[in-house]
Amino acid sequence: MDAAEAEKKQVGRTFRWPWFLVAVIVYLGIIQGVGQLTGVDTSSDSQFPTTESLVRNALIPIGISIVFVAALVTWLGWWGEVLRYRAPVRRWVRWVPISMLLAALVGMNYGHLGDQSASLVGCLLLLGLFVGVGEELMFRGIGVHVFKRAGFSEGKVALWSSVIFGLAHVSNAIGQGAQAIIQALVVCTSGYFFYLCLRVGGVILLPMLVHGLWDTSLFSSMIGTEPVAYPGLVLIIVLQVALIIVLARRRRRIAPASPQSTGRPTLPTPQSP
């Protein structure tokens, strides 16, 4: 089946990758623009010293961006595809989401969270949920399927959706300066991990869960009027590096082996009478 025939069988509207880039820019513009309008000056070393700052600087703009992404998926008619993804992987790849979930749970700064108000901790959990839903819908939902529909191989789908995911975080330079460039490089690798979570689970809910819990763990030491350094963060950093090394070495052993490569005989195709 050639690309033209495949495109005819696709459900929903056609959405080329240049338009996806436009959608990403609008998505980021909503987050940054609404953040500027509703945000409050914290004047603190903490990004979210109070419940109000977390709500106004993060939850409101990210919540509106989720509405935009959900509306875009609805307009495209892609919900069936976005919610499910069929690209099998070998069993060992399951350790990517498992290890990320374990590291996020162990690396959570429970002591620091216990010193914060219930409303601030509750909003932090909601922030993790919002980030997981919004970013996964945009980049592993729309983004992955844009490149898949364009006929890209799984390797290129993973590459470009992850690169764009990382570059999108350069927008944080508005508030963080050059540090956002380093963050973007790190986030590129995280984007690839979340892509593998999508393939392992076959549904977008798994990368949403992993992403949300991962970010919640990272932010668990940064909320409140006195953010603290936490040794548990080292575990997340070590895992990030370990996954990069393992996946770089085993990148050709992610997809299940074909019958030709394993030497197994293929069954003959039944012939019509």
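Residues numbered from 1 in each chain as written. Predicted model: local features only at pLDDT ≥ 70, side-chain atom pairs only at ≥ 80, totals over all residues. Heavy atoms only, no water.

## Section: the pattern of salt bridges
Scanning all chains against the criterion turns up four salt bridges. Two residues, Arg-149 and Glu-81, come together in a salt bridge whose shortest N-O distance is 2.2 Å. Of this pair, Arg-149 sits in helix 7 (residues 118-149) while Glu-81 sits in helix 4 (residues 79-83), placing them 68 residues apart in sequence. Residue Arg-140 pairs with Glu-136 through a salt bridge whose shortest N-O separation is 2.7 Å. (Salt bridge = Lys/Arg side-chain N within 4 Å of Asp/Glu carboxyl O. Helix = DSSP H or I, 4+ residues; strand = E, 2+ residues; numbered from the N terminus.)

## Re the packing of helix 5 (residues 95-107) against helix 11 (residues 205-219)
Angle between the axes and distance between the axes are the two parameters that describe a pair of packed helices. As a packed pair, helix 5 and helix 11 sit with axes 8 Å apart at the nearest point and diverge in direction by 30 degrees. Compared by their axis directions, helix 5 and helix 11 come out roughly parallel. When you trace helix 5 past helix 11, the crossing you get is left-handed. On helix 11, the residues that touch Pro-97, Met-100, Leu-101, Ala-103, Ala-104, Leu-105 and Gly-107 of helix 5 are Leu-206, Leu-209, Val-210, Leu-213, Trp-214 and Ser-217. Each residue belonging to the contact of helix 5 with helix 11 can be placed in one class, and the counts come to eleven nonpolar, two polar and no charged. (Axes fitted to C-alpha atoms, helices over the stretch in contact; angles between N-to-C directions. Parallel < 35°, antiparallel > 145°, perpendicular 65-115°, else oblique. Left-handed = near helix turned anticlockwise from the far one by under 90°. Contact = heavy atoms within 4.5 Å. Nonpolar A, V, L, I, M, F, W, Y, C, P; charged D, E, K, R; others polar.)

## Overview of helix 3 (residues 51-76)
Taking 1.5 Å of rise per residue, 26 residues should cover 38 Å, and helix 3 covers 36 Å from first to last C-alpha, within 8% of that figure. Where helix 3 bends most, the angle comes to about 35 degrees, and this point is Leu-59, followed within four residues by the proline Pro-61. Immediately downstream of helix 3, the backbone of Gly-77 shows phi near 75 degrees, a positive value. (Expected span 1.5 Å × (residues − 1). Bend = angle between axes of the 7 residues up to and from the residue.)

## Here's the deal with the nonpolar core
Of all hydrophobic cores here, the largest spans 67 residues; its most connected members are Phe-20, Met-100 and Leu-127. Elements with a minimum of two residues in this core: helix 2 (17-38), helix 3, helix 5, helix 7, helix 8 (154-168), helix 10 (179-201), helix 11 and helix 12 (232-249). Ranked by residues supplied to this core, first place goes to helix 7 with 13 residues. Residues in contact with Phe-20, not counting those within four places in the same chain, are Phe-15, Met-138, Phe-139, Ile-142, Gly-143, Val-146, Phe-147 and Ile-164. (Core = buried A, V, L, I, M, F, W, Y, C linked by side-chain atoms within 4.5 Å. Buried < 20%, exposed > 50% of the residue type's maximum accessible area, 1.4 Å probe, protein only.)

## Regarding a nonpolar patch on the surface
A surface patch of nonpolar side chains, amounting to about 370 Å² of accessible area, comprises Leu-105, Val-106, Tyr-110 and Leu-235. With respect to the element layout, Val-106 can be found in helix 5. Classification of Val-106 as exposed rests on a relative accessible area of 53%. (Patch = residues over 30% accessible without salt bridge, like charges linked within 9 Å, V, L, I, M, F, W, Y side chains within 5 Å. Areas by Shrake-Rupley, 256 points an atom, 1.4 Å probe, with all protein chains shown as cover.)

## A look at the environment of Trp-17
Among the secondary structure elements, Trp-17 is positioned in helix 2. Trp-17 sits 133 residues away from Ala-150 along the chain, and the two C-alpha atoms are 7.8 Å apart. If we ignore the near neighbours within four places in the chain, the residues touching Trp-17 are Val-146 and Phe-147.

## Let's talk about the layout of surface pockets
The gaps left among the atoms become clear once a water-sized probe is rolled over them. Put simply, the second largest pocket is a space of about 450 Å³. As for the second largest pocket, its lining consists of 20 residues, of which Gly-155, Ala-158, Leu-159, Tyr-192 and Arg-251 are closest to the centre. For the lining of the second largest pocket, the residue count by class is 13 nonpolar, four polar and three charged. (1 Å grid on protein atoms, 1.4 Å probe; cavity = no way out; pocket = protein on both sides within 12 Å on 5 of 7 lines; lining within 4 Å. Points joined across faces, edges and corners; volume = space filled by probe spheres on them.)

## Notes on the environment of Gly-29
Relative to the elements of secondary structure, Gly-29 occurs in helix 2. Residues Gly-29 and Ser-65, spaced 36 residues apart in sequence, show a C-alpha to C-alpha distance of 9.0 Å.

## Concerning the confidence of the model for the chain
Averaged over every residue, the pLDDT of the chain is 88; residues scoring 70 or more account for 88%. Note that residues 259-273 has pLDDT below 50 and, in this model, four contacts with residues that lie over four places away or in other chains. (pLDDT = per-residue confidence, 0-100.)

## Describing the environment of His-211
Following the sequence through the fold, His-211 ends up in helix 11. Overall, the relative accessible area of 1% leaves His-211 in the buried class. Spatially, the C-alpha atom of His-211 lies 9.3 Å from that of Gly-191, the residues being 20 residues apart in sequence. Of the polar contacts made by the side chain of His-211, one reaches the side chain of Glu-136; its length is 2.6 Å. (Polar contact = N/O pair within 3.5 Å; in protein donor to acceptor, adjacent residues only side chain to side chain.)

## Remarks on the packing of aromatic side chains
Per the stated rule, a full pass over the model turns up eight aromatic pairs. An angle of 85 degrees between the planes, with centres 6.1 Å apart, marks the rings of Tyr-27 and Phe-139 as edge-to-face. Pair noted here: Tyr-27 is in helix 2 and Phe-139 is in helix 7, with a separation of 112 residues, a long-range link. You can call Tyr-27 buried: its relative accessible area is 3%. Ring geometry for Phe-147 against Phe-152: centres 5.3 Å apart, planes inclined by 45 degrees, an arrangement best described as tilted. (Phe/Tyr/Trp six-rings, centres within 6.5 Å; stacked < 30°, edge-to-face > 60°.)

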